[in-house]
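Here is how the chains run, residue by residue.
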Amino acid sequence: MTQKSLHLRLGIAVSLGALFLILHAIPNYVYAPSNVRNIILSPLFWPYVVAGLTAIIGLSLLFTAFRPGEDVPFENEDVVHSDGITPWLRLAGLGAIMLVTMFALPRVGMVWTTMLVFVACAFMFRTRHPIAAVVCAVVVPLLLYAFFAHVAGVAIPQGDFVRLP
């Protein structure tokens, strides 16, 4: 499989998924009361934002698939994957992470647990960019907490040990 054929397949699938969300799923299954004053707090706003971003990603994948240039095959296409125990160990590791997450959320809090889970998953799957993974593991949950707690006014579960402002 080449990069262009993969981009074409993914672009078609993602674009169709975005069209389904925009034309059918969000209008028919997301309830929005008419008395919401702030558009950011409307239940319709964020699903449409996510669907729009999904459509942009799908169209950009289609653009890269039809862009003129050399069609390069994947580098590791000839590598034979072993059917050893490694995939099962990763699956068991993900199960353990989910179990620990379930018990840690009420005690540690959502933000801190999310940071730890992000780092654990990044290193379990051997990321090529460990520093970026750690930075994202800290910054993304903090930004989401700041938005939901301070802008949207949504209470985020806090832990027993460290509370965020």
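Check the entry above for the structure.
A surface patch of nonpolar side chains, about 690 Å² in accessible area, is lined by Phe123, Ile131, Val134, Val135, Val138, Val139, Leu142 and Leu143. The element contributing the most residues to the nonpolar patch is helix α5 (residues 130-151), with 7 residues. With respect to the secondary-structure elements, Val135 resides in helix α5. Taking relative accessible area as the criterion, Val135 reaches 46% and is therefore assigned partly exposed.

With that settled, consider the packing of helix α4 (residues 110-124) against α5. Running from amino to carboxyl end, α4 crosses α5 at an angle of 155°, the nearest separation of the two axes being 9 Å. Judged by the angle between their axes, α4 and α5 are roughly antiparallel. Judged by the sense of rotation from one axis to the other, the crossing of α4 with α5 is right-handed. Residue-level inspection shows Val111, Thr114, Met115, Phe118, Val119, Ala122 and Phe123 of α4 in contact with α5, the latter providing Pro130, Ala133, Val134, Cys136, Ala137, Val138, Pro141, Leu142 and Tyr145. Of the residues belonging to the contact of α4 with α5, the class tally is 15 nonpolar, 1 polar and no charged.

The rules behind the values
- Residues numbered from 1 in each chain as written.
- Predicted model: local features only at pLDDT ≥ 70, side-chain atom pairs only at ≥ 80, totals over all residues.
- Heavy atoms only, no water.
- Patch = residues over 30% accessible without salt bridge, like charges linked within 9 Å, V, L, I, M, F, W, Y side chains within 5 Å.
- Areas by Shrake-Rupley, 256 points an atom, 1.4 Å probe, with all protein chains shown as cover.
- Salt bridge = Lys/Arg side-chain N within 4 Å of Asp/Glu carboxyl O.
- Helix = DSSP H or I, 4+ residues; strand = E, 2+ residues; numbered from the N terminus.
- Buried < 20%, exposed > 50% of the residue type's maximum accessible area, 1.4 Å probe, protein only.
- Axes fitted to C-alpha atoms, helices over the stretch in contact; angles between N-to-C directions.
- Parallel < 35°, antiparallel > 145°, perpendicular 65-115°, else oblique.
- Left-handed = near helix turned anticlockwise from the far one by under 90°.
- Contact = heavy atoms within 4.5 Å.
- Nonpolar A, V, L, I, M, F, W, Y, C, P; charged D, E, K, R; others polar.

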